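The lines below spell out each chain.
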Amino acid sequence: MSDVKSEYRRIVAEALNKFINEKNAGCAPVNADTVAVQTPPNPEMGDLGIPMFVYAKTLRAAPVQIASEIVRIINETYSKEELSRTGEFLAVGPYVNLKLNKADAGSAILERIAQQKDSYGSLDEDGKKPLEGRRVMIEFSSPNTNKPLHLGHLRNDALGESVSRILKKAGADIYKVDLINNRGVHICKSMLAYKLFHEVNGDTPEKLGMKGDHFVGQCYVEFDKYSKEHPEAGKQAEEMLVKWEEGDSEIRALWQKMNDWTLNGVKETYARTGVTFDKFYLESETYLKGKDEILKGLEKGVFFKANDGSVRIDVTDVVGKGKDEDAHEKVLLRKDGTSVYITQDIGTAISRHDDWQFNQMVYVVASEQNYHFKILFHILKKLGFDWTDKLFHLSYGLVNLPSGRMKSREGTVVDADDLIDSLHEAALAEIKEKGRDAELSDADDVAEKVALAALHYYLLQVNPVKDMLFNPEESLSFNGNTGPYLQYVGARINSILAKAKESGITSDGSNAPLLTQAEEWELIKALGEFPATVAKAAENLDPSIMTAYLYDVSKLFSKFYQQCPIVSAETKELASARLYLAECTLTVMKNAMNLVLVPFLEKM
Ligand code: ARG
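Rules behind the numbers
Each chain has its residues counted from 1, following the order in which its sequence is written. This being a predicted model, a pLDDT of at least 70 is required before a residue's local features are given, and a value of 80 or more before pairs of side-chain atoms are given or counted; all residues contribute to the totals for chains, interfaces and linings. The basis for the side-chain values is all heavy atoms of the structure; hydrogens and waters are excluded. Only DSSP runs of H or I covering at least 4 residues are called helices, and only runs of E covering at least 2 are called strands; the numbering of each starts at the N terminus. Burial classes follow relative accessibility: with a 1.4 Å probe on protein chains only, a residue under 20% of its type's maximum area counts as buried, one over 50% as exposed, and anything between as partly exposed. Any two residues having at least one pair of non-hydrogen atoms within 4.5 Å are treated as being in contact. For the accessible areas, the method is Shrake-Rupley and the probe is 1.4 Å, while residue cover comes only from the protein chains on display. Only four residue types enter the tally: Lys and Arg on the positive side, Asp and Glu on the negative side; His and the chain ends are excluded. By convention, the charge on Lys lies at NZ, on Arg at CZ, on Asp at CG and on Glu at CD. For helices, the axis comes from a line fit to the C-alpha atoms of the stretch in contact; other axes are also lines fit to C-alpha atoms, and the angle between any two N-to-C directions lies between 0 and 180 degrees. To sort the angles, those under 35 degrees are grouped as roughly parallel, those over 145 as roughly antiparallel, those from 65 to 115 as roughly perpendicular, and the leftovers as oblique. Note on pairing: DSSP must find at least two bridges between two strands before they are called paired. Buried residues of nine kinds, namely Ala, Val, Leu, Ile, Met, Phe, Trp, Tyr and Cys, make up a nonpolar core once their side-chain atoms join them within 4.5 Å. In these notes, residues near a molecule or strand are those with any non-hydrogen atom within 4 Å of it. As used in this structure description, the phrase polar contact means that two N or O atoms lie within 3.5 Å; if the pair is within protein, one of them must be able to donate a hydrogen and the other to accept it, and residues adjacent in sequence are counted only when both atoms belong to side chains. UniProt positions are given in the numbering used here, feature names are shortened, and annotations may be inferred rather than shown by experiment. Salt bridges are identified by distance alone: a Lys or Arg side-chain nitrogen within 4 Å of an Asp or Glu carboxyl oxygen. Under the convention used throughout, the expected extent of a helix is 1.5 Å for every residue step, that is, one less than its residue count.

J.: Explain the overall build of the protein to me, please; I cannot follow it from the model alone.
T.: A count of helical and extended segments in the protein gives 23 helices and 13 strands. Every one of the 604 residues in the protein was classed for burial, and the buried ones make up 53%. Sequence-distant contacts in the protein: of pairs separated by 6 or more residues, those separated by 24 or more amount to 75%. Summed over all atoms, the accessible surface of the protein reaches about 26900 Å², with 48% contributed by carbon and sulfur. Taking the average place of the 73 positive charges on the side chains of the protein and the average place of its 90 negative ones, the gap between the two points comes to 3 Å.

Have a look at this one:
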């Protein structure tokens, strides 16, 4: 469809320019690239449409009149023969519509898919990658090291990984980074609990048979309980942080040990969900740079020293005057000289820009931190960095389970590993209930992939900015708008292909012009929209555009398959053309599923 679209634009622009001359309108000629192409609501009225409203003023004519004049001019300029390659031009109200020549347009789309295979989706109408030359650094996940990952991280990870894959598909250079907040009072709290309750026994995750991150998380919960009866505990954690910043060797050793436990556990979860990074930035390695910058800024007068000795910035420009006395002041270094959360972010941002010159830096972080990022970008700008307009906070909404549902072993938030385990068990139970396990060579592996499809698709089909509930049963349903449904359609196509081949049908692209039935055509058109969908999802940093697309394609395939049998098609040629269409559908589905982290299954 893509080539046809640009041809369509060219022909309409050319006719518009002839009309301008005829009318002696004297306005600037229309450039084909600026002509907007839309999809008419009713395919009977054409497959593509170009609205004439925008030309009414310069041409001093009603859009309806312009449309019919343009069609007249096109028919005068080209012979029927010549136009048949593109299709039929129709004036429909204020639109110049194009009814495509299905045989030719459809064959061209399918040929591109068959040729490009895995890489189909990357090239736009002009054969270029829409984001070629764009260098995007994307930060996501970014856990604190005092706890394991929770449900919010799963949404974050899915978004970050999916957006990265989509941007890459659209031609951007991608550098995926993870910030590990491994320094601060939070980790000191887990360390304190360890010293209190575990050190004497020499407890380790191995000894207790636990994942390291879960063990450190347990310590954090123990601290929480302890501090309720021992109000001085908070102070002790702060003292520990001071010692840590001074480099106290015993504290550092314990810190190193516990951070390793957490990080190894977290990395296991990443491996399980298919999330990868090009670089891990550790707060412990960037906070000093942040501190330096703050001291420099203090000298320059960007920041000031408050009466209590802390270093602050006035952020009235950003937030206005708050109700509280100092709500318009943000602390950058505590009065005891230790760093706060934003300190490291200043250092981290600068290090990153030094490491890998980006033209966009995307922070995938929950909407709870909108304020934090506003201030961070403001500070960097005040410090004089000229790349601050390249920083973007991709803010996403909260995710919760429907109330009264599973809680983590730490009793507060929904633990990521537990949640995936429970999805896995439910998927496996269903496979066994349906008696499918005998046919699957590895039912456990299939269950894991179904669980990940359910999780990722459910999290990604909601626009990132929206808050959402994660409903485990709904996510696992095999019919409806879910990941497992897509896997099911994919596996079904796979078995259709195998059966057709068994009955001696071979797919043949040269028969594609036979595919002119409505259900065939609608499916082909949708397959042709994949590159534009990739570009749109990339531009909006929104995987829900891709999930909606996949759902559409799946439904169109099902309609096609109901109406257009392959093995029992009227002729051998038609059977081979339909088989070819099924193959191309599978290629597109696989490519699109990969972008939203839904594993393809050959059988399920
Ligand atoms: N570790 C932080 C948290 O769990 C999120 C870090 C987000 N990224 C950043 N550059 N500040 O709240």
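J.: Sorry if this is basic, but what is going on with the packing of helix 7 (residues 185-197) against helix 9 (residues 212-229) here?
T.: Pairs of packed helices are described in terms of their axes, by the angle between the two and the distance that separates them. Interhelical geometry of helix 7 versus helix 9 gives an angle of 85° and a closest axis separation of 8 Å. As far as their axial angle goes, helix 9 and helix 7 are roughly perpendicular. On helix 9, the residues touching His-186, Lys-189, Ser-190, Leu-192, Ala-193, Tyr-194, Leu-196 and Phe-197 of helix 7 are Phe-215, Val-216, Cys-219, Tyr-220, Glu-222, Phe-223 and Tyr-226.

J.: Could you clarify how one ought to interpret the pairing of strand 4 (residues 135-139) in this entry?
T.: On any regular strand, side chains alternate: one points to one face of the sheet, the next to the other face. Burial analysis of strand 4 places four of its five residues in the buried class, the great majority of the element. Looking at chain direction, strand 4 and strand 5 (residues 173-180) are connected through five bridges and run parallel. Note that in strand 5 the partner of Arg-135 across the bridge is Asp-173. Across four bridges, strand 4 lies against strand 10 (residues 360-366) in parallel orientation. Bridge pairing in strand 10 links Ile-138 to Val-362.

J.: Just to check I follow, could you spell out the nonpolar core for this structure?
T.: A general tendency of soluble globular proteins is for nonpolar side chains to be buried together. Leu-110, Leu-167, Phe-470, Leu-527 and Phe-530 are the most contacted members of the largest nonpolar core, which totals 106 residues. Looking at this core, the element that brings in the most residues is helix 23 (residues 572-595), giving 14 residues. Excluding residues that lie within four positions of it along the chain, Phe-470 makes contacts with Leu-151, Val-399, Asn-400, Leu-401, Pro-402, Leu-419, Leu-423, Ala-454, Leu-455, Tyr-458, Leu-459 and Ser-475. In this structure, Val-12, Leu-48, Leu-98 and Trp-521 belong to the second largest nonpolar core, which totals 33 residues.

J.: So what exactly am I meant to see when it comes to the sheet that holds strand 9 (residues 329-333) here?
T.: One key point about sheets: their strands pair by backbone hydrogen bonds, in either a parallel or an antiparallel sense. Here we have three strands laid out as an open sheet, ordered 7-8-9, and antiparallel in their pairing. Of all the strands in the sheet, the pair left with one neighbour each is strand 7 (304-305) and strand 9. In this sheet, strand 8 (residues 311-314) lies alongside strand 7 in antiparallel orientation, the contact comprising two bridges. The residue of strand 8 that forms the bridge with Phe-304 is Arg-312.

J.: Is there a simple way to explain unusual backbone geometry in this structure?
T.: A negative phi angle is the norm for most residues apart from glycine, just as the trans form is the norm for most peptide bonds. Non-glycine residue Arg-60 carries a positive phi angle of around 45°. Within the fold, Arg-60 resides in the loop between helix 2 (53-59) and helix 3 (63-77). One non-glycine residue, Lys-117, adopts positive backbone phi at about 45°. Examined against the element boundaries, Lys-117 turns out to sit in the loop between helix 5 (102-116) and strand 4.

J.: Please clarify how the site of the ligand should be interpreted in this entry.
T.: Lining the immediate surroundings of the ligand are 13 residues, of which Glu-139, Asn-144, Asn-181, Tyr-341 and Asp-345 lie closest. Take Asp-345: an N or O atom from its side chain is 2.6 Å from a nitrogen atom of the ligand. Contacts to the ligand include Gln-369, whose side-chain N or O atom sits 2.9 Å from an oxygen atom. In isolation the ligand offers 350 Å² of accessible surface; the protein chains occlude 87% of this area. The set of elements that each furnish at least two residues to the shell around the ligand consists of helix 14 (341-355), strand 10 and helix 15 (370-382).

J.: Can you walk me through the environment of Glu-161 in this structure?
T.: By the secondary structure assignment, Glu-161 is in helix 6 (residues 151-169). Taking C-alpha positions, Glu-161 is 25 Å from Lys-603, a pair spaced 442 residues apart along the chain. With residues up to four places along the chain from it excluded, the contact list for Glu-161 reads Phe-140, Lys-176, Gly-274, Val-275, Thr-276 and Leu-597.

J.: What is the right way to read the UniProt feature "short sequence motif: 'HIGH' region" (unreviewed entry) in the protein from this model?
T.: Taking the UniProt record as the reference, the feature "short sequence motif: 'HIGH' region" (unreviewed entry) is found at residues 143-153. The distance separating the terminal C-alpha atoms of residues 143-153 is 8 Å; by composition the span is 27% helix and 0% strand.

J.: For this particular structure, what's the right way to read the pattern of salt bridges?
T.: Evaluated as defined, the whole model comprises 34 salt bridges. Here Lys-228 and Asp-224 are joined by a salt bridge, their closest N and O atoms 3.6 Å apart. Taken together, the residues Lys-228 and Asp-224, both in helix 9 and four residues apart, mark about one turn of the helix. Classification of Lys-228 by relative accessible area gives exposed; the value is 65%. The partner of Asp-445 in a salt bridge is Lys-449, and the shortest N-O contact between them spans 3.1 Å.

J.: How should the environment of Asn-259 be read in this particular structure?
T.: Structurally, Asn-259 can be placed in helix 11 (residues 249-273). Asn-259 sits 68 residues away from Met-191 along the chain, and the two C-alpha atoms are 9.7 Å apart. What Asn-259 contacts, discounting residues up to four positions off in sequence, is Thr-145, Asn-182 and Ile-187.

J.: Teacher, can you tell me more about the UniProt feature "domain: Arginyl tRNA synthetase N-terminal" (unreviewed entry) in the protein here?
T.: Under the UniProt annotation, "domain: Arginyl tRNA synthetase N-terminal" (unreviewed entry) lies at residues 6-100. Here residues 6-100 runs as 46% helix and 17% strand, with 13 Å between its end C-alpha atoms.

J.: Explain the sheet that holds strand 11 (residues 391-396) to me, please; I cannot follow it from the model alone.
T.: Here five strands make up an open sheet; going across it, the order is 6-5-4-10-11 and the pairing parallel. Edge strands, defined here as strands with exactly one partner in the open sheet, are strand 6 (279-282) and strand 11. Averaged over all pairs of adjacent strands, the angle between their axes in this sheet comes to 25°, without regard to strand direction. Together, strand 5 and strand 6 form the strand contacts of helix 12 (residues 283-300), whose direction differs from that of strand 6 by roughly 55°.

J.: How should I be thinking about the packing of helix 6 against helix 23 in this particular structure?
T.: Running from amino to carboxyl end, helix 6 crosses helix 23 at an angle of 130°, the nearest separation of the two axes being 8 Å. Between helix 6 and helix 23, the crossing angle belongs to the class labelled oblique. On helix 23, the residues touching Ser-162, Arg-165, Ile-166 and Lys-169 of helix 6 are Asn-591, Asn-594 and Leu-595.

J.: Help me understand helix 19 (residues 483-502), please; the structure alone is not making it clear to me.
T.: For an α-helix the count is 3.6 residues per turn, leaving residues at separations of three or four pointing the same way. The terminal C-alpha atoms of helix 19, which comprises 20 residues, lie 29 Å apart, in line with the 28 Å expected from a rise of 1.5 Å per residue. Capping of helix 19 at its N-terminal end is provided by Thr-482; its side-chain oxygen lies 3.0 Å from the backbone amide nitrogen of Tyr-485. Gly-504 sits one or two positions beyond helix 19 and adopts a positive phi of about 85°.

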